[in-house]
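# Structure at a glance
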Amino acid sequence: MTAVPPARGHGRIRSPWANYVTTARYLALFALACFFLMPVYALLITALKSPSEVSVVRMWQWPHALSLDNFAIVWPKLREGFTNSVLMALPASVLSSLLGAANGFVLSKWRFPGADFAFALILFGMFIPYQAVLIPMFQVMSYSGLRGGLYGLILVHVIYGLPITTLIFRSYFAGISEELIEAAKVDGAGMLRTFVFVALPIAPPAFAVAMIWQFTSAWNDFLFGVLLTNKDRWPITVALNNIAGSQAVPFNEAMASALLACLPTLLVYVLLGRFFMRGLMAGALKG
Amino acid sequence: MRRVSMSRAALSFTALSALVFTAPVWMTACSKSKDKEPAKEMAKEPPKPVPEVPKEPAKDQVEVFSWWTGAGEQEGLDAMIADFKTKNPAIEFINAAVSGGAGTNAKAILANRLQAGNPPDSYQRHAGLELADDIKAAKVEDLTKLYEAQGWKDKLPKGLLEAITIDGKVYSVPVNIHRANLIWFVPKTLQALGIAGPPKTWKEFLAQAKTIKAKGKTALAIGPQWTQKHLLETVLLGDLGPEKYTGLWNGKTDWKSAEVTAALDTYKQVLAASDIKSSAADWQPAADRVIDGTAVYTVMGDWLDGYWGRAKKLGFKTDYDVAASPGSTGVYDFLSDSFTLPVGAKHRAAAEKWLIECGSVEGQDLFNPQKGSVPARTDADKAKYQAYLASALKDWQDPATKIVGSLAHGVVANNAFGSEIDTALGIFVESRDSAGFATAVAKAYAATK
Amino acid sequence: MRRLRAWGPGLLLIAPSLVALAVFVYGFLGWNIRVSMSSWRGLAPAHDFVGLDNYVALLGDVRFTHYDVPNIAIFTLVFVIGSLVVGFVMAVLLDRGVTGENVFRSVYLFPMAISFIATAIIWRWLMDNGGGESTTGINQLLADAGLESWRSDWFKSSSRWAIAAIALPAGWSLTGYVMSLFLAGMRGVPEELREAARVDGASEPRVFWHVVRPMLLPVLMSAVVILTHISLKTFDLFYAMDQKNIKIDTPALYMWFTTFDGGFYARGAAIATLLLLGVATIIVPYIWYSVREERRK
């Protein structure tokens, strides 16, 4: 389903209102963009202020002296957590995407009796409130010795990411034609070979959707991160919380750290953004 | 054609998959230099050499969980840790501080770890009944022997000892003391408004509030829910006096009595004189309104001195001043941070050494000046405490001072009772129904004893 | 036997996921339900059985029935409908193709990258409702733009709908994602279908209404489900916005505070189960409908 936005004016009744409409569109888009950027602007200028200047009443005022000091102050506090988060979120998102791809492929193209029921069971796992399972999960991880390092945390993110990644890939693979699979079967390929050599090569757009979602969720998680790891493996969200949650919050530092902490997710969005749209268009996440 | 592209794609994907599936191994291996995990962790990675079983760890360690991550607290904790390291060079100190701890984050983390039998070697709790749950569930050790060995019973004020002794046993070592019943103001603002001084009773406050409102300013700056709870306790304390106040939390004072209802009505009026409709999101922006001059008073604990004096670099007595909250002169409404010894701590001996540091004169004198609080011990070095802290210390050590425990900060109410009060207070602030609040609290007390 | 060999490998491949979820989702859910039927309070678990007492108690709990449930209903309504409408409008605006579409799309999408905690920190300031000289945040922007009368108390207002204000930061976070869904749905409509309608003499709006809109139904369902479940589970945002303010209390928050502040584990488990039931009433029909649609194809 490749559709391109129609070239303007092609085969269409061009009404005299067209120009006004176009201008109105750009204005609306621009206004919306301003709304979306306004909080970032506030974050940014507070992050550039010195502690004595920071005040909620003067939040819109431009800093008297632009200083990157806050970033320099918070980065050492964030660095260890930053590394830990990268070491955790990357494998977690890649792994859960791969497993989701496997599940999605099986549930859409290599079905077994009861596949739909299995899918429903998996999907329902998406809707668990995490606080409800906190205690038993912690105990299971603790008793199995997986608590403390990053493995337990990665495992938990992979498991709880399975429902959404399975959904994404199942919808995506449902959109690819049966003939490809049939052809592979005719060539004598079994399920695994079909999966690896037919399904995976065309799956990058769905990977983009899955990885963006999973990376964001693993990167921004605080609860599991602080509970399942020892101090030297705390993810960046703990450091963020420590800066932004103490008794006397240094707001300039809090905002600077919030900005720094969202850079990797932004990077993932930038890198995978193109594929993201393609993946959505090809049906990932469509009912 | 398809086969060729398939094998190239196949190869790359196989390589990628192999890379990815072993990622946790080689990615973590890359940062192994920072890794100080015990042998258990290493056993999970196949390519690593056989891990050495730690029979006699060359370095002992102590993992201490606290919520001291903010300005002042962190420096104070670091100073104590440095002193601890000098005295115990063989013990490695792991500072597992997570902020928001006076709130629910730490409670959640601790609850999980305690229930799973995986406690830190020592953890911080507010001294008093906040520890009651841990004691009931036999998660913390009785420290009476340690107290006797260190002779702490003579060095702590009687009122404090009473508050932290539960069923004749002591379960925590208090490090610092904060005072909650204080009202803060800017002298110049009072002068400009023609007010002689801070109010001595809540009635006087309400009278002043009328004048202040007429001049277009807010009488009292208030913040999020916990500051409202904090205000409630000071109003109750001011109107009822220390004995009846303490009786509110141990069943001796009848919540439905007329004087309690009157005190609750006073609270309603005080709230009406505050900026609760546009309350600040945090206690510091609320305090800032007093500095800005838009509000005249704020009721807050003495960590406000640390914020104004240190972070904002204002001058005590010149730029801001403080008095006992209305009706509570001579009363010290205290809260205290203390450390415990969990049952099943992996490094019990090291944890005890940490507790000794916490209860020592040197440790307390290193921590408290930085934190902006007063040491629990009575034999502290007075010279280290200047400005506000000097007067606070004097009050704390004065035998005539009546010591009562704070509600909002975990001394007089156990977790369940405190949590039910939160709900009742939220409803009370919305509904302004004093009788309803009193009934709810009395019921909650009975249900959570 | 041959049939088993046909679908056996597939089942095997998916088995680990099924097992993991059986433990980590359904096993823990079972634990949760078991706890909700005990009287566990405090750090030491209680293993008694009190049936549905905790649920009955919740039905009489003022905080739960008067604040939490209405609040979450209002919030979900405003958040979901608001995000759908704005996301849809943004998709329509972008659908025809504009210069700099990538830039616009990235700007709308990127708030999703920011954690809810950081979002709450800045939106707390933005929705500050100080008056007079203390006016700041959005109110100050409105005042500067001459729109003083639009000033709002946001979630501190005394209105029943105060919690709807929090739909603003929540929507800021997720509307870009909804827009992407709609945009992908619109772009996924084959151009030939649109052309056919145009050739038949339909104007653009009618093309949209009759050709594009019906094909957006699956996208709409998907968006509604994802938004609703996020809305019911949202916790970080409210927690960081104004902790323990009962006016913006929700079941998820009550569950958290009563469990970990007060130690009321059984009550917390009951709230969690009710929350899950609430989610299930929306999700299960969706899954059933969606699977039925597949069968029909």
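Residues numbered from 1 in each chain as written. Chains lettered and ligands numbered in written order. Predicted model: local features only at pLDDT ≥ 70, side-chain atom pairs only at ≥ 80, totals over all residues.

## Concerning the nonpolar core
Formed by 326 residues in total, the largest nonpolar core has its most connected members in Ile212(A), Ala258(A), Trp184(B), Ile166(C) and Phe182(C). With 16 residues, the top contributor of residues to this core is helix α2 (residues 69–109) of chain A. Apart from residues no more than four positions distant in its own chain, Ala258(A) is found in contact with Leu43(A), Leu240(A), Ala118(C) and Ile121(C). (Core = buried A, V, L, I, M, F, W, Y, C linked by C-beta atoms within 7 Å. Buried ≥ 20, exposed ≤ 12 C-beta atoms within 10 Å, placed from the backbone. Helix = DSSP H or I, 4+ residues; strand = E, 2+ residues; numbered from the N terminus. Contact = placed C-beta atoms within 7 Å.)

## A word on the interface of chain C and chain A
Each partner contributes residues to the interface: chain C has 77 residues there, and chain A has 71 residues. Among the elements that line the side of chain C that touches chain A, the one with the most residues is helix α1 (residues 2–36) of chain C, at 15 residues.

## Notes on the sheet that holds strand β8 (residues 218–220) of chain B
Residues and elements named next belong to chain B. Strand order in the open sheet formed by four strands is β8-β9-β7-β10, with mixed pairing between adjacent strands. Unpaired on one side and paired on the other, β8 and β10 (321–324) mark the two borders of the sheet. For this sheet, the mean inter-axis angle between neighbouring strands, taken without regard to orientation, is 20 degrees. Direction of pairing for strand β7 (residues 182–185) relative to β10: antiparallel, over a ladder of four bridges. Directly across from Ile-183, in β10, lies its bridge partner Ala-323. (Pairing = 2+ DSSP bridges. Axes fitted to C-alpha atoms, helices over the stretch in contact; angles between N-to-C directions.)

## Focus on the domain arrangement of chain A
All names here are of chain A. For chain A, the assigned domains read domain 1 (18–58) and domain 2 (78–281). The C-alpha-based centres of domain 1 and domain 2 are spaced at 31 Å. Tallying the contact residues gives eight residues for domain 1 and seven residues for domain 2. Looking at the side of domain 1 that touches domain 2, its residues break down into five nonpolar, two polar and one charged. (Domains from an automatic or database assignment. Nonpolar A, V, L, I, M, F, W, Y, C, P; charged D, E, K, R; others polar.)

## Considerations on the pairing of strand β3 (residues 122–126) of chain B
Residues and elements named next belong to chain B. Along β3, five of the five residues are buried, which leaves the element largely enclosed by surrounding structure. The two faces of β3 match: Ser-122, Gln-124 and His-126 on one face and Tyr-123 and Arg-125 on the other face are all buried. Bridge count between strand β1 (residues 60–66) and β3: two bridges; the pairing is parallel. Paired with Val-64 across the two strands is Ser-122, which belongs to β3.

## Notes on the environment of Pro89(B)
Residues and elements named next belong to chain B. Within the fold, Pro-89 resides in the loop between α4 (73–87) and β2 (91–97). Residue Pro-89 is classed as exposed on the basis of its 9 C-beta neighbours within 10 Å. Pro-89 sits 30 residues away from Lys-59 along the chain, and the two C-alpha atoms are 9.1 Å apart.

## Some thoughts on the environment of Thr265(A)
Within the secondary structure layout, Thr265(A) lies in helix α12 (residues 263–281). Sequence-wise, Thr265(A) and Leu150(A) are 115 residues apart; in three dimensions their C-alpha atoms are separated by 19 Å. Discounting chain neighbours no more than four positions away, the residues touching Thr265(A) are Phe215(A), Thr216(A), Trp219(A) and Ala113(C).

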